[in-house]
Structures are given as C-alpha cells and as structure tokens.
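# Results of the structural survey
Each chain is listed here by its residues.
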Amino acid sequence: MVESYVEIERHRAAIARTDISRPVRLAIEWAILNPETTFFDYGCGYGGDVQRVANLGYTSVGWDPYYYPDEQITAADVVNLGYVLNVIEDPQERRESLIKAWELTRKVLIVAAQVLVNAPSKTQLAYSDGIVTRRNTFQKYYEQEELKSYIDEVLNVDAVPVALGVYFVFRDEVEKESFKAIRFFTRSSTPRIRIPSKRFEDYQELLAPLMAFFTQRGRLPIKGELRNEQELLSEFGNFRRAFSVVLQATDEAEWDAIAYRRSLDIQVYLALTHFEQRPSWHKLAPEMRHDIKAFFGSYEEACAVADQKLFSLGQLRVVQTACEKSKIGKHTRGALYVHVSALTELDALLRIYEGCASRTIGRVDGATLIKFCIDKPQICYLFYPDFDTDPHPALKASIIIDFITLKITHRDYQTRANPPILHRKETFVTPNYPLHEKFAKLTQQEQQLGLLKQKSDIGTREGWEKCLAAHKVEIRGHQVYEV
C-alpha cells in the first residue's frame, strides 16, 4: 500500500477513440441499443460514444465529471458505464457510481471494466485494491467472475456476460432470458421450392410469413403469433393445413432438420441455465414457452434432457468421444479445431461444452477458431484475423479457459518472429462456408506438390517459407506458382 499523498489523475484514464467502443458496439449488434431506445453514457470521457451513437440517428447524451460536468444526468433506456469502475480508486465511490448508473437505467445497463487475463507488471505501484499506472491513473483489474459477482452483489441482479469484461444488466427478467436464449439459436435458411405446384403458387405470398415463422422457430405458430393469421386461417382453416401446401412444394426433411436444430438450441440454452438460478416457467418469453411445449411437452422434461447432457460432460471421455465423432472441424491427436461459423452445426454436447466457457466470458469477440482440448478440461479461442485473406494465416493471440479453475489466460503472438500458421483451412469450416472451395483447391495443389508432407516443419512461418523455397514455389492469393 502506498501513502495517501499519491494524487490520482482520474481524468487521464479517458481514451480518445476513433470508433464506437466495444461494449456499445455489442449493444448495437445485439439490438439492445436501437433507434427506438434512448442512450445515456454515464462517465463518457471525451464523449466519443455519445457523438457516434447520435450520428446513427439515436437519442444519445452523456455526462462526465471532468470533461462534461455541466451536462444533465438523465435516465435512459440504455445506460453505459464503460470502463468507469476500474478507474475509481475509492471503493465506496465506485459502488455508488454503479448504483447511480443502475438507477438511471430503464431497460439495460452496460457495464464494462478491465479484466485481468495475465498478471500486471510487478513494477506497477500498488494502491488501494488496484495499481497506479505510469500516467498516474488508477486501475482496478477484475477477474471475469469477480466482476460479475461484484455487479450482482451491489445491484442484486444476475448480470449477463456478453464478452470479456462486458456485462448487460436487464431490468426485465423475460427480456434477460430471451437475450440469453437467442445467443444459442441456430440461423436457418428457408427451404427452397423444389416442386412448384399451382396451388402453392396461388398462395405463395400468403404462405410466406408462415414459412418464415417455421424457419425461425422450428414449429407451427399458435393463435396470435402470426401477423397475417386471420387471412391465413380464413383460407385454410388451420395452420397445419396451410403448411401441408408448403410441404407439397418443398422437401419435408429440410423442415424436420430445422425443427431438430431448434430443439437442440433449447437444450443448449437450458443446460447452461443450470449454473445460475434456472428461470421459472413464467420468466420465459411466451414464444419460448410455446417452443418448449411443442418440442418437449413440458418444462420439466426439457430441463431433464438438457441436464442429462450437461452432467455427462463431467466425464472427460464423453467430451473426447464427441470430438472424435464430429464430422465438422480439424482433428489432431489432442484436440478438435472448429471455425466459429460452424459452432452451431456441432453436436449439442460440444455446443454445451463450449457454452460452459462462453457463459463465463460471453462470446469471445474476434475469435476465429475454437480448440476443444480432448486430453484436459480446457477450451481455447484462437485469433487469426487474416483467416479469409491469407492462405496461411499466422496466430495473433489465444484465450485459454480452464474449466476446473475458470482461470482465463491470454497469450499474444503478434510480436513473435516465428508464429504458428494454419494449413488445410477447409477442414475448419463447413462445406457451405463461402470460401470452402477456394481453400480446398489450394490444399489439393499443395498436396500434389508434396508441400504438406513434413507436418512438424511447416507449422511455423519460418518453416513454411523454407519449404516453399526448397520446392521453388510461392503462393499468391490462394494459388501456388513456380518461381
């Protein structure tokens, strides 16, 4: 502990950004913040988020004790407390700031703070429950779970992790559960028309909302859920008869697959609610209640099915078997590697297993691959920002989550002269990935030239460059050329 004469210059912690901050961007991406909501930035620093949100056409204001002290502090639908808690050196004032931001919140409070993924430098000066930085500002580094516990305890809420160091706190329990559930939902495409019939063509426009509803929820609607319900029922009598016309023109198996994936989505969501206080039936959104009735008959049955899958994951052998059986991803001796775009296509067991990690930290923003370790209870998120454009992208960073300790470890590879690189990119993605064919053709060329034989030598940038030089070839785009 240092003496009290250290004067913290709190305002110097404000960051001048060139774009919307990550917490606010996530709120926009999830439609938490939209044109119909009002936005208030509590502790807005230079006011960059306030201005950029206003530029989108949203109602946006902010206040800061140093930069905008004369602005009015006002309630809003969405309130942002972005990287404020970690720069307040007084624990009581920190607590009061969180409470004040929550009092201003009508719908959702965004809380973001610096999260400790590696130990801070020992040369930094200890102060209160944090450290003094070189700029003479204070930083309190939270563990991810510590931050959630702090928010929950101070506000008596259940904060929802959205990303590392970012939480959404909902006023409405039903809206909270809907948000938690939708993060695990698979996006499906409406089946194509295969055998157009005169009857279907006559009613195609009328049937379109019904098809869209089934694509989204995997079931037929009940009364009150479809916007053109009255018109549809007056023509067909009930939804099942109307949908039978759709089935005459499409492949029924494709609709069955949508329904099956939807039932798995619900299992994944319910399995992960086991870690918190599982919501009561009445705290679920009405459409979710209808989903559960349609797929499982009762809430009790749905929870039992989900819990059976969850509990089985306590045995490492179950995870190993699920990885080995996966038809998606690249298999190695110690892991299964899957592109993030393919996550929802995985077996429900693996989706729940990954969810055990993301329930703690939210979706890992910017991750490219998910590594399922089969020899230890661990998941790694790997960052290859040039995955689509670089034929053999280099690893930039990784985040490792240990399921035993919930410890989060971050590793940075950007400064390494000889980082690991990827080969056979098509193996990480599904066949419907836009660049799958392009990746596969490159791999085929490389195999024919014998470039991929020495696996131990080509896994790094330097090793790969030596291999290319030895074979007198180079790669431009995703094509191999002789030098």
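Let me begin by describing the structure that accompanies this report. Keep in mind that what you see is a predicted model, and the values were worked out from it rather than measured.

## Considerations on the packing of helix H3 (residues 91–103) against helix H4 (residues 144–155)
- As a packed pair, H3 and H4 sit with axes 10 Å apart at the nearest point and diverge in direction by 70°. Viewed along their axes, H3 and H4 adopt a mutual orientation that is roughly perpendicular. Read as a crossing pair, H3 and H4 show a hand that is right-handed. On the side of H3, the interface is formed by Pro91, Arg94, Arg95, Leu98, Ile99 and Trp102, while H4 contributes Tyr150, Ile151, Glu153, Val154 and Leu155.
- Looking at the contact of H3 with H4, its residues break down into eight nonpolar, no polar and three charged.

## Side note on the sheet that holds strand E10 (residues 330–331)
- Strand order in the open sheet made by the six strands is E10-E11-E12-E13-E14-E15, with antiparallel pairing throughout. Each having just a single partner strand, E10 and strand E15 (408–412) make up the two edges of the open sheet.
- Where E10 and strand E11 (residues 335–339) come together, two bridges link them in antiparallel fashion. Across the sheet, Lys330 pairs through a bridge with Tyr337, a residue of E11.
- On the sheet, helix H13 (residues 348–361) packs against E11, strand E12 (369–373), strand E13 (378–383), strand E14 (397–402) and E15 and is oriented at approximately 75° with respect to E13.

## Considerations on the packing of helix H6 (residues 198–217) against helix H8 (residues 239–249)
- In contact at an axis separation of 9 Å, H6 and H8 are set at 110° when each is read in the N-to-C sense. With respect to each other, H6 and H8 are oriented roughly perpendicular. For the pair H6 and H8, the contacting residues are Arg199, Phe200, Leu207, Leu210, Met211 and Phe214 in the first and Phe239, Ala242, Phe243, Val245, Val246 and Ala249 in the second.

## Let's talk about the nonpolar core
- Ranked by size, the top nonpolar core spans 75 residues in total, and within it Leu98, Leu109, Leu270, Ile292, Phe372 and Tyr381 carry the most contacts.
- Beyond its immediate stretch of four places on either side in the chain, Leu109 contacts Val79, Leu81, Leu98, Ala101, Trp102, Leu155, Tyr167, Phe168 and Val169.

## Some points on the pairing of strand E4 (residues 105–112)
- Among the eight residues that make up E4, six are buried, leaving the element largely enclosed by the rest of the structure.
- With six bridges connecting them, strand E3 (residues 76–82) and E4 associate as parallel partners. Across the sheet, the residue bridging to Ala76 is Thr105, located in E4.
- A crossover connection joins E3 to the parallel E4 through H3; in handedness this β-α-β unit is right-handed.

## Notes on the pattern of salt bridges
- Counted by the stated rule, this structure contains 22 salt bridges.
- With a shortest N-O distance of 2.7 Å, Lys148 and Asp158 are connected by a salt bridge. Linking Lys148 in helix H4 with Asp158 in the loop between H4 and strand E8 (160–163), this pair joins segments that are 10 residues apart in sequence.
- For Arg317, the salt bridge identified is with Glu324, shortest N-O distance 3.4 Å.
- With relative accessibility at 48%, the residue Arg317 sits in the partly exposed group.
- The exposure class of Glu324 is partly exposed, given its relative accessible area of 46%.
- It is possible to trace a salt-bridge network through shared partners that takes in Lys148, Asp152, Asp158, Glu173, Lys176, Glu177 and Lys180.

Basis of the calculations
- Residues numbered from 1 in each chain as written.
- Predicted model: local features only at pLDDT ≥ 70, side-chain atom pairs only at ≥ 80, totals over all residues.
- Heavy atoms only, no water.
- Axes fitted to C-alpha atoms, helices over the stretch in contact; angles between N-to-C directions.
- Helix = DSSP H or I, 4+ residues; strand = E, 2+ residues; numbered from the N terminus.
- Parallel < 35°, antiparallel > 145°, perpendicular 65-115°, else oblique.
- Left-handed = near helix turned anticlockwise from the far one by under 90°.
- Contact = heavy atoms within 4.5 Å.
- Nonpolar A, V, L, I, M, F, W, Y, C, P; charged D, E, K, R; others polar.
- Pairing = 2+ DSSP bridges.
- Core = buried A, V, L, I, M, F, W, Y, C linked by side-chain atoms within 4.5 Å.
- Buried < 20%, exposed > 50% of the residue type's maximum accessible area, 1.4 Å probe, protein only.
- Right-handed = clockwise from strand over helix to strand, strands pointing away.
- Salt bridge = Lys/Arg side-chain N within 4 Å of Asp/Glu carboxyl O.

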